[in-house]
Structures are given as C-alpha cells and as structure tokens.
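# Coordinate analysis (summary)
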Amino acid sequence: MADEAAPAASVLPPSPVPVPRVLVAVPVPGLDPLTYAIGEDGRVPVRGARVVVPLGSRVLTGVVLGAADGSGVDAPSLKRIRTELDDHAFVPPDVIELAAWTAEYYLAGIGETIVAALPPMARGGRADAHKTRRVASITVAGREALAAESAVTGKQRETLARLEGSPDGVPTAELASEGFAADTVARLVRRGFVSVRSERQDRDPGARPAPGPGLAPTWHRDGERSLTDEQTDALRRLERLAADGQFRVALLHGVTGSGKTEVYQRLATLVRAGGRGVLLLVPEIALTPAVTAIFRQAFGDRVAIQHSGLSDGERHDQWMRIRRGDIDVVVGTRSAVFSPLANLGLVIVDEEHDASYKQEESPRYNGRDVAIVRAQRAGALVVLGSATPSLETYQHAVSGKYDRIVLTRRVLDRPLARVSVVDMREEYAASGPDTILSRALAEAIGQRLEKNEQALVLLNRRGFATAVFCRQCAGTIECPNCSVSLVVHGEGHARRARCHYCNYTARVPAACPLCAGPYLEQAGFGTERVEAEVKSAAPGARVARLDRDSTRRKGALDALLARFRAGEIDVLVGTQMIAKGHDFPRVTLVGVISADVGLGIADFRAGERTFQLLTQVAGRAGRGDQPGQAILQTLYPDHYSIQLACHQDYVAFFEHELRFRRAMRYPPLVAIVNVVVRARTFAAAMDDAADLAQRIRASNADCHVLGPAPAPLGRLRGEYRAQVLIKSANRKRMREALKHAIAARPEIGRRTIVDVDPMSVL
Ligand code: ADP
Ligand code: ZN
C-alpha cells in the first residue's frame, strides 16, 4: 500500500518536461481535430499555420487550430509535429472559424472542410504518386537559422537563402538544375530547416488567360449608360443597406434580363470605395469569365478568380494575392466562399437558387448558406440574386427576414420571351410516336436560320438513347454496379452503353444478355439524338452540342461558348448547362424538348427545379434587340410547373409549391437531413439504417424519422444504399440526435452519408 506520508515527488523520478500540445486539422474525411505535441524546436505554432504531421504511415499537411486541452501533460504515444511551414496564420482566423462552423453544421470533419478552404497546392500530402514533383521550402526554423549569422554556413546557407526568396517553395529538380546539391538539401531537411513535400505537377500559369474576344461581354462600360428606373431604385436601396455597415440579407428578385449584373457591379464599386472587400459567387465556372470581365473593367487587376477550373498554380497564386491583401473583389464558385479576403463588406450570390452551390461530396455545404454565415460574422451585406429564388429564400423575403428588392422588367423595355406549350400527345398522333422536334419548333428553327438569328435547344438528359430493352423479355440493360439502366452514347461503330453514375462502359450487345433474344431496341433519347434530329431537320445549319460529354476536355466549354457568342454556331443543343445565366443577345428562340424530364424524379424539389429550369432557359431568349420566343414540348401541358413557367409567374408558383411543401412537411417549413447508409448487401444496409433510425427515434429529439427505406438510387458503385429521412423544426436537436446515433455506431458511421439541407434526396 502506498506510504501516505511520503510526498510523491520525492519517490518518483522527476516528471518529464511538459510538452505543449496543439490541435491540428488534417485532411482526412470525417476526422475530428487531432492532438500533436509541438515539434522538437519547442516553438508553439500559431492558429492557422500549416504543419507537417505524421498520421499512421502517412505524412500530411494540416492546419493548426489552437492549443489542445491538457497541454503540459506528456503522453508517450503523442506524435510530434514534424515541421512548421508558417510562422503566421496562413489561413486567417475568420476563415478557420467559418470552416469550423461549416464542419459542425453539415456534420463533416474539420480537416476536410479546411482543405476546401485552402488553395490546392497548399494542401500537400494528397498528391498522386505518378504525376508529382518534390518541392522544397524553408521552414520557420530555417528562416531563423539564416537570420542567426553562424547557425548555418557555406552551401547550406546559400541553399536556404535561395529558398527564402520563394515562400511557396522551389521544385527540387529546379534547385538541382541551379547547382544546389541534393545532399545539401537532404542535410537541411534533417536539421529541420527545410521541408520537402510532394505536389501535383500541373501548374500552368499561361493556360487560362483573360477571356478571349469571343467571350467578352456584349457591352462595354462607357460610364454613360444610364440605369433603368428600377435599377436605380434597387441600387439606392442596396446602397443604403450597405452603408449601415451591418449584416443584412437582401433578395434581388429580378426577371431574366433585368440587368442584375449592372446593379451588382455598381454596388460593389460603392462598397469598395468605402474600403471594404467584395465577394461574388456564381454557380458555374462557365459564368465566371463574363462576370469577371465586367468587374475587371471597374476594378482592374484587383479582381481575383477562384474556381476549380483554374490550374492549381493559377489558383494558388490568386489565393496568395487575396491573402496578401492585393485584391478587392473575388469572383468564384462555391469554394470561393472561403477566400481569405479581409474586411468583407459585401457578398453577392448570383442565381442563389442554383443547385450547384451545394457540394455533393463531403463536406456537403451550400455555398450560399455559408456565404450568409460569413457575412453575418463580418457584418456585411448579402445580396441574393435570382429570377427564380429558392423557396427557402423567398419565404424569408415574405416573412420580412430578408429585404426584397424587385426588378420586374427587362432593360430597355425589352419584352420577356413569348412562351408557348406544345402538347406532344398531339404531335405523336399527327407525326408518329418517334417525333422529337414538334412541327412548331422545327418551323421556328427554320425561321431563325433565315433571319440569321440563333437558337438554343434544351433537353436535360445526355446521350443518344436512354435505355436498351429487349422486345422478347422486356428486360433492360442495367449497370452491373448501379441500379440504373445504361445509356447509349454514339451511333454505328462508336456506339457504347454507359452508366452515368459510375462510368461503367460496355459494347451494346447484339442479343439480350438475359434471354438471348435478338430483338434489342433503343428507347428514350438524349441530347445526342436531338443534335442529330436538328441537323437533319435543318440541313446546312451549324449545330453543336453542349453537355458534360462534349465539354470534358479542358477548355472545351469556353471554346464552345465563345464560338456560339461569335456567331459560328446557329443552334446550340444542350443540357441545363445552356440554361444558366448566359447573355447571348442574338438568341431569339429557345426550344425545350421534354420539358417534363425532371418531374418524373422522386424528389421533393422536382417541381421547383423544373419551374426554375424552364423559366431560366426561356430567359435566354430575346435579350438583344429582337424579341424572343420559347417553345416548351411536353406530355404534361397542364402540370403547374410547366403552366406557371409558361406565364413566367414566380409568385403564383411559390404559393402553389409552398402549399405542397406544407402538406408534405418539406423545406422550407421544416429542416431535413438525408441519411444514406451504404453496405455490401441490401439487408446489411437496411439493418444498419434501421439501427440509426431507432437511435434517433429513441432520443426523443422532436424529429420525424422516415425509414429505413431503400434509397431511390438503391445501388451505386456496387454498394447497396438504404435511406433515413429526418425532418424537424429544430435543427440543433436533430443534429445532436444524429451525431449521437452515429457516435454510438462508428463502424456504421464510416459508411454513412449525411446530407444536411439536401438539394436532392436520391
Ligand atoms: P440578368 O442577370 O438580370 O438576367 P444581365 O445583368 O445579364 O441580366 O443584363 C441583361 C443585359 O442587359 C446585358 O446585356 C446587360 O449588358 C444589359 N444591361 C444591363 N443594364 C442595362 C442598362 N441600364 N441599359 C442598357 N442595357 C443594360
Ligand atoms: Zn454504374
């Protein structure tokens, strides 16, 4: 038994020197911050600094979040930080806090969320083995050694001096070619003065120049152009809100072609003049060149671009310029919401309703909503712009939580497109069941060609044929990995069947794989087929197709849009990619094939998505001097989404849709979280989902738990998927209940997708 009289310290060996610990966010999905002991040099890295840390057999670059609890106690198993890369906050504190909020709200790991906030090259540790190069950088210790005259000498000193001038590091191959010996670098690495990381080698600064002539916006600021009365009023109201210097959200509800961009740009100029930064988010990479060009005319090179279409090197350089404070305006897609822009005064989210703001992989954040939180913390004004606001946003505008500012008319009194609906049942009766282009649409396309105007034709479905089925056994050819049928791409020899989810590709068989029957037929059609139909209906017309298949190659999308803008294409066939935000003044006709494709999807947003898509695409017509026309072909001419899109009546749509959401208890009336559990067998997926559902129900968290049920996409990439949908008016309690359920079953948690505020529930 212990001798109570003896003071412990006198019998035990002296306790080890306390080593401070820090919390580090490492780029591994779902992981909480990890605790590391500080490096051997004894320096405590600052919050926001990057550090190189060991994790299992890997070495990763993480970001320091701050001191860990219980520092001063040494645990022998605690790993040490290998190297500090920064002696300052590489990631600014407000961005770290924003990432922490995002991770918490969307139930994602902090590390994977901070990664989203970093420029790709600063992430380190994630490089592909084959296409990498090694980059050496000076560490904090190295910089100090250099400053302390005698710590390093000779070759080592020269090498450090070379690296000191390049804060982003120098490829080791470049050092070698400059005559710096590899073993000197190795010695410096051993001394902790230099760190070497692997980096993806695709830096290509010249690859993406400013938009070419074809992409330039159609108007050039002359400073003299006067705003319309509505634009003037909108700008005045927004200006007043911005002048308050306080957090506020305003919805700029302006019909297509009402000149929202002009309002954004003038408001940004005012905010900038007041000394504050501006962040402008757009939903698609394809929309950045036009907007950037407009903003460059006002702000010169103090505009930075941030999106994943840039090369890593370009993106990194732009990021560093923002971080250094050389930038006033950042234009980018959703991840730009984490840009290290200081003193934010205005955040603009253009086309705020767009589903592309939602990241469909972890962290599953909505860039619009993170933008609002960021503005709230910065005391900034948020402007949400749209012709077809999301139900969530409009609901807040109706309730008075957001200001609502309207632009009811197009600029220069241009009329909105005249929209008509073609009932395809009548077309089938008149011209046969294989009809793709209605008589009205074919004729209208012909007229545009005669007048040298342009047309857009939308079908929101890729491929040539959407299914191959057997006339003998009625089976369809399915993907071996996913519960969907394969889509036929190409014709003749080039014909292939492909899965749109996992990319599985196979030859189209000559006989049915199920019953060996020889009568295989193609059914359904996609954009490739429409392209072929337009070509044969309008011989001589220059027809091109814009969808994910035709724009896979880097630069292909910009090139296609530039050719269309330059008038080298008469008819552009495409998916929803052609519907968004573009301003093509010579387009006077928009045709929509199968306006109802989106309505068949088992998703509560199907009606909203369809209404938005149709209104937006109709809004591409008649934006120049000539009035526009839109023709919607459908088998459901009476559906409210189609009818109200035809009348371009947003408010009526909102009211109708809200009634449906209220009756079915869907957002914006409740919050929902979609939980999908993946497993090797159907039974396991269902059992594990049932386990989570049961735990959440038992927590009495005031949630409505639906399921488990097979997910609409029941099998994906070889895994079975079961779904639990949670609805609640109390987000916080819902989140806590879910967190506890998952924490109780970590093994299930690793196979679980949690989607907070989902854009779709497939
Ligand atoms: P929205 O984003 O609201 O659909 P845009 O901002 O693209 O509309 O503007 C539509 C077109 O109107 C653009 O070509 C733009 O240059 C032009 N425009 C905007 N404001 C004016 C104005 N005050 N006078 C003349 N043309 C304008
Ligand atoms: Zn598949």
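Whatever comes next refers back to the structure up there.
Starting afresh in each chain, residues are numbered from 1 along the sequence in its written order. Chains and ligands are labelled sequentially in the order written, the chains with letters from A and the ligands with numbers from 1. Whole-chain, interface and lining totals are the exception, using all residues; otherwise, since this is a predicted model, local features are given only for residues with pLDDT of at least 70 and side-chain atom pairs are given and counted only at 80 or more. Side-chain calculation: all heavy atoms of the structure are included, whereas hydrogens and water are not.

### A short note on the packing of aromatic side chains
Under the convention used in this document: Aromatic pairs are defined between Phe, Tyr and Trp rings, using the six-membered ring for Trp, whenever the two ring centres lie within 6.5 Å; interplanar angles under 30 degrees are classed as stacked, those over 60 as edge-to-face, and all others as tilted. Note on classification: 1.4 Å probe, protein chains only; a residue is buried when its accessible area is under 20% of the maximum for its type, exposed when over 50%, partly exposed between these limits. The helix count covers DSSP runs of H or I at least four residues long, the strand count covers runs of E at least two residues long, and both are numbered beginning at the N terminus.
Here the structure, examined in full by the defined rule, presents 15 aromatic pairs. Between the aromatic rings of W101 and Y106, the centroid separation amounts to 6.2 Å while the plane-to-plane angle is 85°, which identifies the pairing as edge-to-face. With a relative accessible area of 1%, Y106 lands in the buried category. With 4.5 Å between their ring centres and 5° between their planes, F604 and Y666 make a pair best called stacked. With F604 in the loop between β25 (587-592) and α18 (606-618) and Y666 in the loop between α20 (650-664) and β27 (671-679), the pair connects residues that are 62 residues apart, well separated along the chain. You can call F604 buried: its relative accessible area is 4%.

### Remarks on the coordination of the zinc ion (ligand 2)
As a reminder, the rule being used: Water is absent from the atoms considered, so a metal site may look incomplete; donors are defined as N, O and S atoms within 2.8 Å of the metal, or 3.2 Å for Na, K and Ca. Each label reflects the angles at the metal, where four donors whose angles all fall between 85 and 135 degrees are tetrahedral, four or six donors whose opposite pairs open beyond 155 degrees and whose other angles stay between 65 and 115 are square planar or octahedral respectively, and the rest are irregular.
On the protein side, the zinc ion (ligand 2) has C479 (SG), C482 (SG), C499 (SG) and C502 (SG) as donor atoms, found 2.2 to 2.4 Å from it. Seen from the zinc ion (ligand 2), its 4 donor atoms lie at angles of 102 to 115°, and the figure they make is tetrahedral. Mapped onto the sequence, the residues coordinating the zinc ion (ligand 2) show the spacing C-x2-C-x16-C-x2-C. Residue C482 is located in the loop between β18 (467-470) and β19 (487-489), and its partner C502 is located in the loop between β20 (496-498) and β21 (505-507); the two are separated by 20 residues in the primary sequence. Under the relative-accessibility criterion, C482 is labelled buried at 1%.

### Thoughts on the sheet that holds β25
Using the following cut-off: Whether two strands pair depends on DSSP finding at least two bridges between them. Only the stretch in contact is used when a helix axis is fitted, and all axes are lines through C-alpha atoms; the angle between N-to-C directions ranges over 0 to 180 degrees. Throughout, a contact is declared for two residues whenever any of their heavy atoms are within 4.5 Å.
Pairing is parallel in the open sheet, where 6 strands are placed in the order β16-β26-β25-β17-β24-β23. Both edges of this open sheet fall to β16 (418-423) and β23 (543-546), since each of them pairs with a single strand only. Across this sheet, the average inter-strand angle for adjacent strands is 20°, counted without regard to direction. Across 4 bridges, the pairing between β23 and strand β24 (residues 571-574) is parallel. Among the inter-strand pairings, V543 is bridged to a residue of β24, identified as V571. Of the strands in this sheet, β17 (454-458), β23 and β24 are in contact with helix α16 (residues 527-537), which crosses β23 at around 170°. With respect to the sheet, helix α17 (residues 556-565) is in contact with β17, β23, β24 and β25, its orientation differing from that of β23 by roughly 140°.

### Focus on helix α9 (residues 260-273)
Spelled out, the test is: Expected helix span is taken as 1.5 Å per residue step, with the number of steps being one fewer than the number of residues.
Taking 1.5 Å of rise per residue, the 14 residues of α9 would be expected to cover 20 Å, and the 20 Å separating its terminal C-alpha atoms lies within 8% of that figure. Residues of α9 that are buried: K260, E262, V263, Y264, Q265, L267, A268 and V271. G275 sits one or two residues past α9 and shows a positive phi near 85°.

### Side note on helix α13 (residues 391-399)
The set of residues buried in α13 consists of L391, E392, T393, Y394 and A397. In this structure, the buried side of α13 is in contact with β9 (248-254), α12 (367-378), β14 (381-386), β15 (403-407), α18 and α20. G400 lies just past α13 and shows a positive phi near 90°.

### Description of the pattern of salt bridges
Selection rule: Criterion for a salt bridge: a side-chain nitrogen of Lys or Arg within 4 Å of a carboxyl oxygen of Asp or Glu.
As enumerated under the stated definition, the model contains 47 salt bridges in all. Residue E97 pairs with R47 through a salt bridge whose shortest N-O separation is 3.4 Å. Separated by 50 residues along the polypeptide, E97 in helix α2 (residues 93-105) and R47 in the loop between β2 (34-37) and β3 (50-55) bring together distant segments of the chain. Given a relative accessible area of 39%, E97 falls into the partly exposed group. For R498, the salt bridge identified is with D549, shortest N-O distance 2.6 Å. Of this pair, R498 sits in strand β20 while D549 sits in the loop between β23 and α17, and the two are 51 residues apart along the sequence. Comparing R498 with D549 shows no difference in burial state: the two are buried. What emerges from the salt-bridge pattern is a single network uniting E392, R605, E608, E657 and R661.

Everything listed here is a matter of coordinates, which is why it stays silent on function.
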